[in-house]
Amino acid sequence: MKTNSQDSNDTSQGLWITALGAAINIALSLIKILVGWTGHSRALIADGFHSLSDLATDVVVALGLFYGSRPYDADHPYGHKKIETLAEFTTGVLLLAFAVWMVVSSAQALTGRITEAPSLLVPLIAAVSVVSKEWLYRRTIVLANRLQSEAMVANAWHHRSDALTSVVALVAVGLAQISPSLRLLDPVAGIGISILVGKIGFDVAYKGMHRIIDTAPDPQIIERIRQVTIGNEQVRGLHKLRARYLGRQIIADLHIQVDPSLSVQEGHTIASQVEQAISAELGNVYDITVHVEPLYAPQENRT
Ligand SMILES: [Zn+2]
Ligand SMILES: [Zn+2]
């Protein structure tokens, strides 16, 4: 399967938005930590460190897309797409690690005493963070869906969780200007959002792990491969059907049984027809390998 030009154009746009996300993350995290520190806002400092954790995620996703889109070579005859799966898994683990860290730091803020009110610059920076992060989410999720990239979907949701975290910081520091007794709302909401982020991270890491250890695709996908194969009139039997994911694409191999009196050329033609039919049915196929063998009792094994 060759990567077509539309796919490579989407891949370069995917790299571009991931790099832009990383640049915005660096700027935002440094500004938020600085303003949070000088403006006496724990919420903004925590939000800033959250953005720093994004940077690691962005780098991992960009590396995954870059190395994963490389063609196969002598060292990696199955291509490099598992690098993207590894990046996806790592992104999920990072999200999960952030969630645990955020719950701990919010609990510490709840039990600690907060004495100073945040400066007026703090809600302004939080508002800038909300707007820019929401824009990054919308831009990334469109490309992620077009590329069918789980790693980019994870990254997009990370941008939105950032926007939500900044909304919490914005509301908390805004209310803190009104009344000191309302400052405890900040760590409470921080724990809630951290649990949401942790759930997203767990799901992404779990799915990535299953693809790394070659878990079979959904039974419906296996059934579609089976139906397309026995849909070929020349195929008398089918067994040893296996499939797994290579990055976001499917790789499958199967044995078909045909009339023993057919020539090698005819048998090969049937195998190629089956390979093409499966590719056309599923769309996101990396490779299909069909092994041909003779079946002497006609039609007995078709169902
Ligand atoms: Zn066999
Ligand atoms: Zn062939």
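Under Subcellular location (unreviewed entry), UniProt gives the following word-for-word description of the chain: "Membrane". Here is the UniProt Sequence similarities (unreviewed entry) comment for the chain, exactly as written: "Belongs to the cation diffusion facilitator (CDF) transporter (TC 2.A.4) family."

Engineer: Help me understand the pairing of strand 1 (residues 237-246), please; the structure alone is not making it clear to me.
Structural biologist: Pairing of strand 1 with strand 2 (residues 249-258), which is carried by eight bridges, proceeds in the antiparallel orientation. Across the sheet, the residue bridging to Y245 is I250, located in strand 2. In this structure, the hairpin formed by strand 1 and strand 2 is closed by a connection of two residues, where G247 is found at a positive phi of approximately 65°.

Engineer: Hey, could you run me through the nonpolar core in this one?
Structural biologist: Note that soluble globular proteins tend to have their nonpolar side chains buried in a common cluster. Residues L254, I256 and V274 are the most contacted members of the largest nonpolar core, which totals 20 residues. When residues of this core are traced back to their parent elements, those giving at least two are helix 7 (219-230), strand 1, strand 2, helix 8 (264-282) and strand 3 (285-294). Listed in part, the nine residues of the second largest apolar core include L65, L143, A144 and A151.

Engineer: It is not clear to me how the UniProt feature "transmembrane region" (unreviewed entry) in the chain should be interpreted in this structure. Could you clarify?
Structural biologist: If you check UniProt for "transmembrane region" (unreviewed entry), the listed places come out as residues 15-35 and 89-111 in our numbering. With 100% helix and 0% strand, residues 15-35 has its two end C-alpha atoms placed 30 Å apart. Counted over residues 89-111, helix gives 100% and strand 0%. Its end C-alpha atoms are 34 Å apart.

Engineer: Can you walk me through helix 7 in this structure?
Structural biologist: A rise of 1.5 Å per residue sets the reference length of helix 7, with its twelve residues, at 16 Å; its end C-alpha atoms lie 17 Å apart and thus fit the reference within 8%. Buried residues of helix 7: I221, I225, T229 and I230, and no others. The buried residues of helix 7 occupy an angular sector of 160° when projected down its axis, which confines them to one face. Exposed residues on helix 7 whose side chains face more than 90 degrees from its buried face are P219 and Q220. Each element contacted by the buried residues of helix 7 is listed here: strand 1, strand 2 and helix 8.

Engineer: Can you help me understand the packing of aromatic side chains in this one?
Structural biologist: The geometry of an aromatic ring pair is captured by the separation of the ring centres together with the interplanar angle, meaning the angle of the planes. Summed over all chains, the structure comprises three aromatic pairs. Relative to Y67, the ring of F66 has its centre 5.2 Å away and its plane inclined at 80°; by these criteria the two rings are edge-to-face. Assessed through its relative accessible area of 44%, F66 is described here as partly exposed. Positioned above the aromatic ring of Y245 is the side chain of R211, whose terminal nitrogen or guanidinium carbon lies 3.9 Å from the ring centre. Lying over the aromatic face of Y78, R244 brings its terminal NZ or CZ to 5.6 Å of the ring centre.

Engineer: Sorry if this is basic, but what is going on with empty space enclosed by the protein here?
Structural biologist: Gaps between atoms show up when a probe of the same size as a water molecule is rolled over them. Summed over the entire model, instances satisfying the criterion amount to three cavities of 30 Å³ or more. Its boundaries defined by the atoms lining it, the second largest cavity holds a volume of some 40 Å³. Along the walls of the second largest cavity sit E84, T85, E88, E150, A151, R211, G247 and R248, which together make up its complete lining. Among the elements of the structure, helix 3 (82-111) and helix 5 (150-178) are those that each provide at least two residues to the lining of the second largest cavity. It is helix 3 that provides the largest number of residues to the lining of the second largest cavity, a total of three residues. Classifying every residue of the lining of the second largest cavity gives one nonpolar, two polar and five charged.

Criteria and thresholds
Residues numbered from 1 in each chain as written. Chains lettered and ligands numbered in written order. Predicted model: local features only at pLDDT ≥ 70, side-chain atom pairs only at ≥ 80, totals over all residues. Heavy atoms only, no water. UniProt positions renumbered as here; feature names shortened; annotations may be inferred. Pairing = 2+ DSSP bridges. Helix = DSSP H or I, 4+ residues; strand = E, 2+ residues; numbered from the N terminus. Core = buried A, V, L, I, M, F, W, Y, C linked by side-chain atoms within 4.5 Å. Buried < 20%, exposed > 50% of the residue type's maximum accessible area, 1.4 Å probe, protein only. Expected span 1.5 Å × (residues − 1). Arc of directions from axis to C-beta. Contact = heavy atoms within 4.5 Å. Phe/Tyr/Trp six-rings, centres within 6.5 Å; stacked < 30°, edge-to-face > 60°. Lys NZ or Arg CZ within 6 Å of the ring centre and 35° of its normal. 1 Å grid on protein atoms, 1.4 Å probe; cavity = no way out; pocket = protein on both sides within 12 Å on 5 of 7 lines; lining within 4 Å. Points joined across faces, edges and corners; volume = space filled by probe spheres on them. Nonpolar A, V, L, I, M, F, W, Y, C, P; charged D, E, K, R; others polar.

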